[in-house]
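Coordinate analysis (summary)
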Amino acid sequence: MDENKEPPEREEVNVNDYVPGSALAAVDAKIAHIDALFKNLLKSAARALVSEMRGGLPPPEPSQDSLIPEATFEAISSHLKKCKNVIVLTGAGISTAAGIPDFRTPGSGLYDNVGDYIKRYNLSSAQQLFSYELFTHDPEPFYALARELKYPGESVCPTLAHYFIKLLSDKNVLLRNYTQNIDMLQSITGIPDEKVFEVHGSFRSGTCMSCKAKYDKEQVKSAVMSGKVPECDELVDGVKCCGVMKPDIVMFGEPLPQQYLCKISCDQEKCDLLIVMGTSLQVGPVNKIPNDIPRSTPRLLINMEEICTDEAAFSDFSAPLFFFNNPLNKTDVFMGGDLNESIKKLATQLGWWEELKALAGVDDTHFQ
């Protein structure tokens with residue numbers, strides 16, 4: 001036998017030449033049926049696991065004791081006109097129209113655009129750039145990104161969503177705006193400080209990590225933009241401190257301000273409408289707010305897309321859950337698509353559009 005002889009080439013087989021089209025269609029249908037059964041099985045298993053994690057309790061059902069007669073845009077708009085204690089929970093999505101990227105949007109979010117920093121500083125993930133642990137060991141990666149972003153909170157203007165919150169304040173119906181954002185845009189609109197709680201802090205000030213001396217934004221910014229890690233120049237026992245200055249923002253791994261739990265526990269009992277805007281509600285404990293307000297309180301989500309509607313993902317009371325697609329829903333209303341267009345629609349329904357345009361300094365051509 002000739003061991004060097006190459007084996008004959010195998011002829012490619014096209015299954016369509018041997019199996020009738022009807023048979024292939026039947027196989028495809030069977031695969032689709034099995035796939036659907038498998039997905040239903042997974043969902044049932046997930047629901048059983050959720051029930052076990054909740055001590056045998058089933059996922060919550062929509063409250064039938066609602067402050068609005070039905071879960072519709074018209075009903076919740078009419079209710080808003082009568083409200084006195086509106087809580088607005090905002091996330092990065094309300095600032096993207098101002099040119100500030102959010103974290104998680106595929107393609108445009110910060111997490112998808114910091115690959116160079118991950119490689120340069122040998123990081124394990126994009127989120128590590130914003131972690132307190134990394135900052136305490138090496139603040140340079142964080143400040144390098146802040147430098148590229150021209151230091152957050154600079155040279156940007158509030159969006160229509162920010163001015164809508166200001167309008168709620170002007171009409172004396174805003175109880176509190178709990179914002180996860182650190183860009184300070186709500187302050188630029190003129191919303192009173194006592195009406196805003198910056199859950200994750202802001203860049204308006206900084207603190208020395210060694211001696212706790214306080215610095216204003218410009219002192220921290222000038223060092224950052226000059227290419228340096230800002231250092232404290234406070235004298236401690238006659239010697240320059242030289243500790244690292246940290247913006248007064250809450251990084252991953254840091255606790256929230258002590259006042260947060262006290263403030264939200266008082267506010268949530270008064271809340272007669274919750275408006276959630278521009279957030280995926282993936283970060284706790286802020287994502288508990290929709291669940292902690294009274295069950296009868298209407299909840300309006302203004303977002304690019306629906307979130308938190310899967311009962312199987314509701315493993316405990318810390319995870320938010322909306323009931324948009326539940327036939328028994330009487331509290332939850334969703335407005336999808338472009339956020340500022342949704343704000344325009346809501347303001348028009350309320351009869352507030354002309355006031356909002358004047359407040360924001362825009363006209364109808366801004367939306368054409």
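Higher on the page you've got the structure.
Further remarks concern the overall build of the protein chain. The helix and strand tally for the protein chain stands at 12 helices and 11 strands. Of all intrachain contacts in the protein chain linking residues separated by at least 6 positions in sequence, the fraction that spans at least 24 positions is 69%. Carbon together with sulfur atoms contributes 52% to the accessible area of the protein chain, which is approximately 19,900 Å² in total.

Under the defined criterion, the tally for this structure stands at 11 aromatic pairs. Measuring from centroid to centroid gives 6.3 Å for Phe 164 and Trp 352, while their planes differ by 35°, and the two rings are tilted. In this pair, Phe 164 sits in helix H6 (residues 160-170) while Trp 352 sits in the loop between helix H11 (339-350) and helix H12 (353-360), placing the two residues 188 residues apart along the sequence. A relative accessible area of 9% means that Trp 352 is categorised as buried. The interplanar angle of 35° and the centroid separation of 5.9 Å between the aromatic rings of Tyr 178 and Phe 197 together place this pair among those described as tilted.

This part covers the pairing of strand E4 (residues 201-208). For E4, a buried count of 7 out of 8 residues is recorded, marking the element as mostly surrounded by other parts of the structure. Both E4 and strand E8 (residues 245-249) contribute to a ladder of 4 bridges, which runs antiparallel. Across the sheet, the residue bridging to Gly 201 is Ile 249, located in E8. Here 3 bridges tie E4 to strand E5 (residues 214-216), and the two strands are oriented antiparallel to one another. Note that in E5 the partner of Gly 206 across the bridge is Tyr 215. The loop that links E4 with its antiparallel partner E5 comprises 5 residues; one of these, Lys 212, has a positive phi angle of about 70°.

What follows concerns the sheet that holds strand E2 (residues 174-179). With parallel pairing, 6 strands are arranged side by side in an open sheet as E3-E2-E1-E9-E10-E11. Two strands close off the open sheet at either side, each with one partner strand: strand E3 (196-198) and strand E11 (332-335). For this sheet, the mean inter-axis angle between neighbouring strands, taken without regard to orientation, is 15°. By the bridge criterion, 4 bridges tie strand E9 (residues 273-277) to strand E10 (residues 299-302) in an arrangement that is parallel. In the strand pairing of E10, Met 277 is matched with Ile 302. Lying over the sheet, helix H9 (residues 259-270) contacts strand E1 (86-90), E2 and E3, oriented at roughly 140° with respect to E2.

Orientation of helix H2 (residues 73-80) relative to H11, taken along the N-to-C sense of each, is 65°, at an axis distance of 9 Å. Between H2 and H11 lies a crossing whose hand is right-handed. In this structure, H2 contributes Phe 73, Glu 74, Ser 77 and Leu 80 to the contact, and H11 contributes Lys 345, Leu 346, Gln 349 and Leu 350. Its residues assigned to classes, the contact of H2 with H11 shows 4 nonpolar, 2 polar and 2 charged.

Time to look at the pattern of salt bridges. Here the structure, examined in full by the defined rule, presents 9 salt bridges. Between Arg 147 and Glu 140 there is a salt bridge whose closest N-O contact spans 3.6 Å. A relative accessible area of 22% means that Glu 140 is categorised as partly exposed. In this structure, Glu 198 and Arg 204 form a salt bridge, with 2.6 Å as the shortest nitrogen-oxygen distance. You can call Arg 204 partly exposed: its relative accessible area is 34%.

Attention shifts here to H9. The end-to-end C-alpha separation of H9 is 17 Å, in line with the 16 Å expected for 12 residues at 1.5 Å each. Three or more residues of H9 are buried, namely Tyr 260, Ile 264, Asp 267 and Gln 268. Taken around the axis of H9, the buried residues stretch over an arc of 100°, which confines them to a single face. In H9, the exposed positions that point more than 90 degrees away from the buried face belong to Cys 262 and Glu 269. The elements touched by buried residues of H9 are E1, E2, E3 and helix H10 (289-292).

Conventions we followed
Just so you know, the residues in each chain are numbered from 1, in the order the chain's sequence is written. Totals for whole chains, interfaces and linings use every residue, but because this is a predicted model, local features are given only for residues with pLDDT of at least 70 and side-chain atom pairs only at 80 or more, for both listing and counting. Only hydrogens and water are set aside; all other atoms, that is, all heavy atoms of the structure, feed into the side-chain values. Counting from the N terminus, the helices are DSSP H or I runs at least four residues long and the strands are E runs at least two residues long. Contacts were defined at the residue level, with two residues in contact if any of their heavy atoms lie within 4.5 Å. Throughout, the Shrake-Rupley method with a 1.4 Å probe supplies accessible areas, and for residues the shown protein chains are the sole cover considered. Two aromatic rings from Phe, Tyr or Trp, using only the six-membered ring of Trp, form a pair when their centres are within 6.5 Å; if the ring planes differ by under 30 degrees the pair is stacked, by over 60 it is edge-to-face, and anything between is tilted. Only protein chains enter the accessibility calculation, which uses a 1.4 Å probe; a residue whose area is less than 20% of its type maximum is buried, one above 50% is exposed, and one in between is partly exposed. Criterion used throughout: strands pair if DSSP finds at least two bridges between them. Note on definitions: angles span 0 to 180 degrees between N-to-C directions of axes, and those axes are lines fitted to C-alpha atoms, for helices only across the stretch in contact. Crossing handedness follows the turn of the near helix against the far one: under a right angle anticlockwise gives a left-handed crossing, and clockwise gives a right-handed one. Residue classes follow a fixed rule: Ala, Val, Leu, Ile, Met, Phe, Trp, Tyr, Cys and Pro count as nonpolar, while Asp, Glu, Lys and Arg count as charged, and any other residue, Gly among them, counts as polar. In the sections that follow, a salt bridge refers to a side-chain nitrogen of Lys or Arg positioned within 4 Å of a carboxyl oxygen of Asp or Glu. A helix is expected to span 1.5 Å multiplied by its residue count minus one. The arc in question is the one spanned by the directions pointing from the helix axis to the C-beta atoms.

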